[in-house]
Amino acid sequence: MDVLLNNLDLFGPFFLTTIELFLLSAVGSLIWGTILAMLRVSPVPVFRAVGTAYVTIARNTPLTLVFAFFVFAYPLLDIVKLDYFPAAVTALIVYTSAFICEVVRSGINTVPVGQAEAGRALGLTFGQILGQVVLPQALRSVVPPLISTLIALLKNTTIAAGFSVAEAGAIRSYLSERGENQLIGLLWVALGFIILVAVLSFVQRSLEKRWSVAR
């Protein structure tokens with residue numbers, strides 16, 4: 001307990017940064033991943049090819065390399081300057097959105113084809129069918145894998161510590177500089193992540209219960 005109480009100035013701000021990193025990356029990944037899923041099921045071959053290529057490349061690239069690109073290589077392009085935190089958020093979005101895409105696409109495939117055909121019969125466009133008919137039903141069926149992907153995203157935020165982002169994954173190195181017990185410190189960090197994951201699991205159960213009734 002002394003390790004935690006004596007270093008609240010580390011645990012508090014660093015876990016807050018982790019939560020901020022997770023929330024921003026989660027929102028960005030959900031939006032971009034859903035767009036990619038729409039490309040993957042698009043009737044336009046070029047859109048499908050773009051979506052497939054993106055997912056294939058992103059899913060097969062180690063997250064550490066994605067971080068390295070946005071932290072070290074991207075600034076050399078001199079397009080938009082990114083500090084370490086925005087670069088970490090961008091890297092997590094680029095990587096996680098590929099997995100979100102596949103989860104959402106699997107949900108889209110569970111919606112009966114007759115739903116889309118009924119939408120077309122009513123004169124709805126492809127975008128309207130997806131946005132108003134298919135996606136609302138698809139998202140209800142993929143809550144567990146979607147939350148699992150977000151839990152993986154939460155744990156992946158620790159990689160940012162290796163790229164100069166002061167978040168929970170960096171606590172151990174700071175404790176080492178202060179001469180504190182690193183093993184105890186890591187146990188407290190692990191407990192913090194367990195609590196955060198428990199919150200996400202509670203959200204999952206709540207959504208499943210609410211949407212199962214809505215069906």
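Residues numbered from 1 in each chain as written. Predicted model: local features only at pLDDT ≥ 70, side-chain atom pairs only at ≥ 80, totals over all residues. Heavy atoms only, no water.

S.K.: What am I meant to see in the nonpolar core here?
M.R.: Counting residues in hydrophobic clusters, the biggest one holds 56 residues, and the most contacted among them are Phe11, Phe15, Phe22, Phe67, Ile108, Leu150 and Ile171. Discounting residues that sit within four places of it in the chain, Phe15 has contacts with Leu10, Ala168, Ile171, Val189, Gly192, Phe193 and Leu196. (Core = buried A, V, L, I, M, F, W, Y, C linked by side-chain atoms within 4.5 Å. Buried < 20%, exposed > 50% of the residue type's maximum accessible area, 1.4 Å probe, protein only. Contact = heavy atoms within 4.5 Å.)

S.K.: Explain the side chain of Glu167 here, please?
M.R.: Along the chain, the position of Glu167 falls in the loop between α8 (143-156) and α9 (171-177). Buried and without a salt bridge, Glu167 has Arg172 as its closest oppositely charged side chain, separated by 11 Å. Here Ala161 takes part through its backbone nitrogen, which lies 3.3 Å from a polar atom of the side chain of Glu167. A distance of 3.0 Å separates the side chain of Glu167 from the backbone nitrogen of Gly169, its partner in a polar contact. Setting aside anything within four residues of it in sequence, one finds Glu167 in contact with Phe14, Thr17, Thr18, Thr157, Thr158, Ala160 and Ala161. (Helix = DSSP H or I, 4+ residues; strand = E, 2+ residues; numbered from the N terminus. Lys, Arg positive; Asp, Glu negative; His and termini not counted. Salt bridge = Lys/Arg side-chain N within 4 Å of Asp/Glu carboxyl O. Polar contact = N/O pair within 3.5 Å; in protein donor to acceptor, adjacent residues only side chain to side chain.)

S.K.: Would you explain the UniProt feature "transmembrane region" (unreviewed entry) in the chain in this entry?
M.R.: According to UniProt, the feature "transmembrane region" (unreviewed entry) maps to residues 14-39, 51-72, 84-104 and 183-203 in the numbering used here. Helix and strand shares over residues 14-39 are 100% and 0% respectively, and the end C-alpha atoms of the span are 37 Å apart. Taken end to end, residues 51-72 is 86% helix and 0% strand, and its first and last C-alpha atoms sit 26 Å apart. (UniProt positions renumbered as here; feature names shortened; annotations may be inferred.)

S.K.: For this particular structure, what's the right way to read the packing of aromatic side chains?
M.R.: Aromatic ring pairs: the centre-centre distance and the angle between the two ring planes describe each pair. Tallying each qualifying case throughout the model produces six aromatic pairs. Taking the centre distance of 5.9 Å and the plane angle of 50 degrees together, the rings of Phe72 and Phe163 count as tilted. One end of the pair, Phe72, is in helix α4 (residues 63-77); the other, Phe163, is in the loop between α8 and α9, and 91 residues separate them in sequence. We classify Phe72 as exposed; its relative accessible area is 52%. Look at Phe163 and you get buried, because its relative accessible area is 10%. Here Tyr95 and Phe99 contribute two aromatic rings whose centre-to-centre distance is 5.1 Å and whose plane-to-plane angle is 55 degrees, an arrangement assigned as tilted. Remark: Phe99 and Tyr95 occur in helix α5 (residues 84-110); sequence separation between them is four residues, near one turn of the helix. An aromatic cluster of at least three residues, connected via ring pairs, comprises Phe67, Phe72 and Phe163. (Phe/Tyr/Trp six-rings, centres within 6.5 Å; stacked < 30°, edge-to-face > 60°.)

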